[in-house]
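A structural walkthrough
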Amino acid sequence: MESCCILCFKSLLQHRFFRYFKVKLWCDCPFWPDDGMCRLRDCSVCECPENEFPEPFKKPFLRVLPADDLACQEGKPDNAVDRTLDSRAFKGWIEADNPWTNDDETDNGEMTYVNLLLNPERYTGYVGSSARRIWDAVYSENCPKYPSGEICQEKKVLYKLISGLHSSISIHIAADYLLDESTNKWGQNPELMYDRVLRYPDRVRNLYFTFLFVLRAVTKAADYLEQAEYDTGNHTEDLKTQSLVRQLLHNPKLQAACPLPFDEAELWQGQSGPELKLQIQKQFRNISALMDCVGCEKCRLWGKLQVLGLGTALKILFSVDGQNQLSESLQLQRNEVIALVNLLNRLSESIKYVCEQGPSIEKIMERQVSDPSETRLGKSSA
């Protein structure tokens, strides 16, 4: 399992095509319009000054507010998304809405581009009741954990996918954590990683499950992804991007280790299959819509990207004909491919953290449980 899961995407994601993501960032929560943060900051997007954007990106995506408007970030400037871009970026793919996600991907008037390399997924200080409210709504209303024996396979899949994504997000927060605000010291927080993920075997299993699910979608769409045009205007780099995509899709070690990482043919069987698919699709769309309620802009960015990536995996795996082949009607837009590959990288990196650091962290934490006098991880005895 580990040999196929620990993949290196860094070179591919450095390329222009995969580092720019189109997203609607402003607060537009459809579930609790009275939320204090959205109400106080008028649900606007905090944009960088207009002169930081290259001309091709200024229309129709530009929405500008003063760079020092901190109301949008709960008063925390580090929570603002850095929208700096270089002068050469995407040319358009066909834009089509994803039935599994809430955002209208064709509504360019509400979208802006962000450079993912300038906005890494990490700790932002977004904690407390606002953050808990998001996850509570995700689990309690859209993918509750039913008692054993009282849930169909399809609903188990949805719960595992969201749990695995949640675990991955928690790991990335713990892996790049603000340890000391006064000195701006960043580093790993192994105690947080243990408390949120490692101490729960089911969360680790769900992380692996989600990775394999997304991996299956990528391998199933291999022909489509291989033939796609990764055009950003830089011909030399675009050829390298396409070459790296092919290397990923046809990695012999990956194919040998994971010939069929997830078998989607087992789902949606029986007379109730189509109705159940629509029900779960609606639940996932609600989860997608909940990302508009996230109070931290960077958290909203990565939440939207990874939920879109998961929605793209669902779209690929369940757009099939009777022979379990991709139907001719499947059409992926550029943003979906960017989200899908970035999500696979996020999940892969999370599994790498678990494999490389999990055993040592667990041993230390077990010693602390048996001997409470020991100091907690990352804290001195002073």
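Every residue gets a number counted from 1 within its own chain, in the order that chain's sequence is written. Where totals are concerned, whole chains, interfaces and linings use all residues; where local detail is concerned, this predicted model gives features only for residues with pLDDT of at least 70, and gives and counts side-chain atom pairs only at 80 or more. The basis for the side-chain values is all heavy atoms of the structure; hydrogens and waters are excluded.

Scanning the chain for helices and strands turns up 14 helices and four strands. Relative accessible area decides the class of each residue, using a 1.4 Å probe on protein chains only: under 20% of the type maximum gives buried, over 50% gives exposed, and in between gives partly exposed. Burial analysis of the chain (382 residues in total) assigns 53% to the buried set. Counting only contacts in the chain whose residues sit at least 6 apart along the sequence, the fraction spanning at least 24 positions is 79%. Areas reported as accessible are Shrake-Rupley estimates using a 1.4 Å probe. Residue values count occlusion only from the protein chains shown. When the accessible surface of the chain is summed, it comes to about 17,900 Å², and 48% of that surface belongs to carbon and sulfur atoms. Starting at the N terminus, helices and strands are each numbered in turn, a helix being any DSSP run of H or I of at least four residues and a strand any DSSP run of E of at least two. By definition, residues are in contact when any of their heavy atoms lie within 4.5 Å.

Next up on the list: helix α8 (residues 201-220). Two residues of an α-helix separated by three or four positions point the same way, owing to the 3.6 residues in each turn. Helix span, as expected, comes to 1.5 Å for every residue beyond the first. Over its 20 residues, α8 runs 29 Å from end to end, which matches the ideal 28 Å to within 8%, given 1.5 Å per residue. For α8, the buried fraction is high: 15 of the 20 residues fall into the buried class.

A cavity here means a set of 1 Å grid points, computed over protein atoms only, where a 1.4 Å probe fits but cannot escape. A pocket is an open set with protein on both sides within 12 Å along at least 5 of 7 lines, and lining residues have an atom within 4 Å of a point. Grid points are joined across faces, edges and corners, and a volume is the space filled by probe spheres set on the points. Each pocket or cavity is described by its volume, and for the largest pocket that value is around 900 Å³. Those elements that provide at least two residues to the lining of the largest pocket are α5 (129-142), α6 (153-175), α7 (190-198), α8 and α13 (297-317). Estimated volume of the second largest pocket: approximately 410 Å³. Forming the walls of the second largest pocket are 18 residues, and the residues nearest its centre are Lys 10, Leu 117, Pro 120, Asn 345 and Arg 346. In terms of residues, the lining of the second largest pocket owes the most to one element, helix α14 (residues 334-370), which gives five residues.

What follows is about the state of the cysteines. Two cysteines form a disulfide when their sulfur atoms are joined by a covalent bond. Pairs of cysteine sulfur atoms within 2.5 Å are what we label disulfides. Here the structure, examined in full by the defined rule, presents one disulfide. The disulfide partner of Cys 29 is Cys 293, and the S-S distance across this bridge is 2.0 Å. Its torsion about the S-S bond being 80°, the disulfide of Cys 29 and Cys 293 is classed as right-handed. Here Cys 293 lies in the loop between α12 (273-290) and α13 and Cys 29 lies in the loop between β1 (20-23) and α4 (36-40), a separation of 264 residues in the sequence.

Take the pattern of salt bridges next. One speaks of a salt bridge when a side-chain nitrogen belonging to Lys or Arg is within 4 Å of a carboxyl oxygen belonging to Asp or Glu. A full pass over the atoms with the stated rule returns seven salt bridges. The salt bridge partner of Asp 292 is Lys 24, with a shortest N-O separation of 3.8 Å. In this pair, Asp 292 sits in the loop between α12 and α13 while Lys 24 sits in the loop between β1 and α4, placing the two residues 268 residues apart along the sequence. Comparing Asp 292 with Lys 24 shows no difference in burial state: the two are buried.

Working definition: rings of Phe, Tyr and Trp (its six-membered ring) pair if their centres are within 6.5 Å, and the pair is stacked with planes under 30 degrees apart, edge-to-face with planes over 60 apart, and tilted otherwise. In the structure shown here, the tally under the stated rule is nine aromatic pairs. Ring geometry for Phe 17 versus Phe 18: centroids 4.9 Å apart, planes at 75°, classification edge-to-face. For Phe 17, a relative accessible area of 1% translates into the label buried. The exposure class of Phe 18 is buried, given its relative accessible area of 1%. A network of ring pairs unites the aromatic residues Trp 100, Phe 209, Phe 213 and Phe 318 as a single cluster.

This part takes up the pairing of strand β3 (residues 177-180). Consecutive side chains of a regular strand alternate in pointing toward one face of the sheet and then the other. Pairing of β3 with strand β4 (residues 185-187), which is carried by three bridges, proceeds in the antiparallel orientation. Looking at β4, one finds that Tyr 177 is bridged to Gly 187. Between β3 and the antiparallel strand that follows it, β4, lie four residues; Asn 184 among them carries a positive phi value of about 55°. Two strands make a pair as long as DSSP finds a minimum of two bridges between them.

Take the packing of α6 against α8 next. Every angle, taken between N-to-C directions, lies between 0 and 180 degrees, and every axis is a line fitted to C-alpha atoms, over only the stretch in contact when it is a helix. Look at α6 against α8: their axes get within 7 Å of each other, and the N-to-C directions meet at 105°. When the interaxial angle is binned, α6 and α8 end up roughly perpendicular. For the pair α6 and α8, the contacting residues are Val 157, Tyr 159, Lys 160, Leu 161, Ser 163, Gly 164, Leu 165, Ser 167, Ser 168 and Ile 171 in the first and Arg 203, Asn 206, Leu 207, Phe 209, Thr 210 and Phe 213 in the second. The classification used treats Ala, Val, Leu, Ile, Met, Phe, Trp, Tyr, Cys and Pro as nonpolar, Asp, Glu, Lys and Arg as charged, and all other residues, Gly among them, as polar. Split into classes, the residues belonging to the contact of α6 with α8 amount to eight nonpolar, six polar and two charged. By the definition adopted for this analysis, an angle is roughly parallel if under 35 degrees, roughly antiparallel if over 145, roughly perpendicular if from 65 to 115, and oblique otherwise.

So, about the pairing of β1. Residues of β1 alternate between two faces, with Tyr 20 and Lys 22 on one and Phe 21 and Val 23 on the opposite face, all of them buried. Where β1 lies against strand β2 (residues 112-115), four bridges are found, and the strand directions are antiparallel. Counted as the bridge partner of Lys 22 is Tyr 113 from β2.

Moving on, we come to the nonpolar core. Take the buried residues of types Ala, Val, Leu, Ile, Met, Phe, Trp, Tyr and Cys, join any two whose side-chain atoms come within 4.5 Å, and each joined set is a nonpolar core. Counting residues in hydrophobic clusters, the biggest one holds 94 residues, and the most contacted among them are Phe 18 and Phe 21. Among the elements that make up this core, the one with the highest residue count is α14 (13 residues).

Our focus in this paragraph is α7. Most of α7 sits out of view: seven of its nine residues are buried. All buried positions along α7 are accounted for by Pro 190, Glu 191, Leu 192, Met 193, Tyr 194, Val 197 and Leu 198. The secondary structure elements touched by the buried residues of α7 are α6, β3, α8 and α14.

In this structure, Asn 98 sits in the loop between α4 and β2. Among residues more than four places away in sequence, those in contact with Asn 98 are Arg 285, Leu 308, Gly 311, Thr 312, Lys 315 and Glu 336.

Turning to the confidence of the model for the chain, a few remarks are in order. For the chain, per-residue confidence averages 75 on the pLDDT scale, and residues scoring 70 or more make up 68% of the total. What pLDDT reports is the predictor's confidence in each residue, on a scale of 0 through 100. For the stretch residues 1-6, pLDDT sits under 50, and the model shows 17 contacts to residues farther than four places along the chain or on other chains. Within the model, pLDDT remains below 50 along residues 85-92, and this stretch shows 36 contacts once partners closer than five positions in the same chain are excluded.

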